[in-house]
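# Structural overview for review
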Amino acid sequence: WRDLSPVANPGERDDESSLRPRRLAEFVGQPRVREQLQLVLEGATRRGAPPDHVLLSGPPGLGKTSLAMIIAAELGRPIRITSGPALERAGDLAAMLSNLVDGEVMFIDEIHRIARPAEEMLYLAMEDFRVDVVVGKGPGATSIPLEIAPFTLVGATTRAGSLTGPLRDRFGFTAHMEFYAAEDLELVLRRSATILGIDLRPDGAAEIAGRSRGTPRIANRLLRRVRDYAEVRGDGSVDRETARAALKVYDVDELGLDRLDRAVLDALVRSFGGGPVGVATLAVAVGEETTTVEEVCEPYLVRAGMLARTPRGRVATALAWSHLGLTAPTDAPG
Ligand code: ADP
């Protein structure tokens, strides 16, 4: 696993649960999403009905699971958590749906990976609070409609584009989560430091925030790594110098690039003259899976303005060349 992967590493989840914001007011950043969600929840509460189904869309580590839990907490309702890949058989989903209590929140992470039969069952459940249970097999099979409790589905996806139209249409509200500004990540870090009892100085927070790729999960992870360093090699307090020295040990550079990101840029620039080159070829060159390069490295390299995705392949920008200490050719995109 990698320090800069936005996906939770195994074993990291306990730490995460202590750092998770519990209420909307504690949720840092994403002002638009917070305001929109606040209205959706308050409107529903006033009407005494469950709110519309909510789709949370955005890259991993930005707080989708946290928000789903917050929605349940704000509504004062229980939450049941599952994921698209876990719902391979429609029967599993039918069992979950028929066990829901009134107003419960059902959270389906990675909802774009849900199997087709389960997805079709979800349409009816979302629309009419009903499931059709098929009894028997072959020509004698009958389907029995079963009423389920009104509930709110919260779906999370890192790929809103791969959701089918009919599924997307059944969500009343979609929240688009954006990468966090550095100031917001500083707030996330300060909050986490207080919870974990870390003496985090403002310049230390700024240093870590700037290298966290706009992602709270990564900010919290880097904070834990820097704390180790501060406790072992320093007096425990985290200032700019300590953060810099610690992150050097972990190969995280000033822009938050790690070894794999730099390998990708390096291959793109040195082996392929800056591109264009296909992502699969690039992945082979750095010895990684295509999906890792595509879903973990590229989103941030694109956002940081170092890599451009073009119809003909990936291209290094002038910034990528200069970040590697090289002079960009005149036709490199700016
Ligand atoms: P996702 O489901 O999008 O992958 P999570 O909700 O699991 O993201 O968030 C990952 C971690 O990042 C959480 O445990 C939490 O500590 C932290 N986090 C995410 N968003 C925020 C936020 N807005 N404020 C404070 N901490 C956050």
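Above: the structure in question.
Structure report, in brief. (Residues numbered from 1 in each chain as written. Predicted model: local features only at pLDDT ≥ 70, side-chain atom pairs only at ≥ 80, totals over all residues. Heavy atoms only, no water.)

Attention now goes to the environment of Glu183. Assignment of secondary structure puts Glu183 in helix H7 (residues 182–196). Its relative accessible area of 55% is what places Glu183 among the exposed residues. Sequence separation between Glu183 and Ala205 is 22 residues, and the spatial gap between their C-alpha atoms is 9.4 Å. (Helix = DSSP H or I, 4+ residues; strand = E, 2+ residues; numbered from the N terminus. Buried < 20%, exposed > 50% of the residue type's maximum accessible area, 1.4 Å probe, protein only.)

A few words now on the nonpolar core. Grouped together as the largest cluster of nonpolar side chains are 43 residues, with contacts concentrated most on Leu37, Leu67, Ile71, Val154, Leu200 and Ile208. Ranked by residues supplied to this core, first place goes to helix H9 (residues 216–233) with 7 residues. Ignoring anything within four residues of it in the chain, the contact list for Leu67 reads Leu24, Phe27, Val33, Leu37, Leu56 and Met177. Formed by 25 residues, the second largest nonpolar core is a distinct cluster that contains Leu55, Met96, Leu97 and Ile114. (Core = buried A, V, L, I, M, F, W, Y, C linked by side-chain atoms within 4.5 Å. Contact = heavy atoms within 4.5 Å.)

Where helix H12 (residues 279–286) contacts helix H13 (residues 290–303), the axes come no closer than 8 Å and their chain directions differ by 95 degrees. By the criterion of interaxial angle, the relationship of H12 to H13 is roughly perpendicular. Counted together, Val279, Ala280, Ala283 and Val286 of H12 and Thr290, Val293, Glu294 and Glu298 of H13 form the full contact between these two elements. (Axes fitted to C-alpha atoms, helices over the stretch in contact; angles between N-to-C directions. Parallel < 35°, antiparallel > 145°, perpendicular 65-115°, else oblique.)

This part is about the sheet that holds strand E6 (residues 152–157). Read across the open sheet, the 5 strands follow the order E2-E3-E6-E1-E7; overall the sheet is parallel. Of all the strands in the sheet, just strand E2 (79–83) and strand E7 (173–176) have a single pairing partner and so form its edges. Averaged over all neighbouring strand pairs, the angle between strand axes comes to 15 degrees, with direction disregarded. Bridge analysis of E2 against strand E3 (residues 105–109) gives 5 bridges, and the strand direction is parallel. Of the residues in E3, the one forming a bridge with Arg80 is Met106. (Pairing = 2+ DSSP bridges.)

Our next topic: the pattern of salt bridges. Should the charged atoms of two oppositely charged side chains come close, the side chains can pair. This model, assessed by the stated rule, comprises 25 salt bridges. Arg46 is the partner of Glu42 in a salt bridge, and the nearest nitrogen-oxygen pair spans 3.2 Å. Placement of the pair is Glu42 and Arg46 together in helix H2 (residues 31–47), with a separation of 4 residues, close to one helical turn. The shortest N-O distance in the salt bridge between Arg80 and Glu104 comes to 2.9 Å. Of this pair, Arg80 sits in strand E2 while Glu104 sits in the loop between helix H4 (90–98) and E3, and the two are 24 residues apart along the sequence. (Salt bridge = Lys/Arg side-chain N within 4 Å of Asp/Glu carboxyl O.)

Next up on the list: the layout of surface pockets. The volume enclosed by the largest pocket comes to roughly 1,300 Å³. Taken together, 49 residues make up the lining of the largest pocket; nearest its centre are Pro6, Pro60, Gly61, Lys64 and Arg217. Among the elements of the structure, helix H1 (13–19), helix H3 (64–75), E6, H7, H9 and H13 are those that each provide at least two residues to the lining of the largest pocket. Broken down by element, the lining of the largest pocket gets its largest block of residues, 5 residues, from H13. Class assignment for the residues of the lining of the largest pocket results in 21 nonpolar, 12 polar and 16 charged. (1 Å grid on protein atoms, 1.4 Å probe; cavity = no way out; pocket = protein on both sides within 12 Å on 5 of 7 lines; lining within 4 Å. Points joined across faces, edges and corners; volume = space filled by probe spheres on them. Nonpolar A, V, L, I, M, F, W, Y, C, P; charged D, E, K, R; others polar.)

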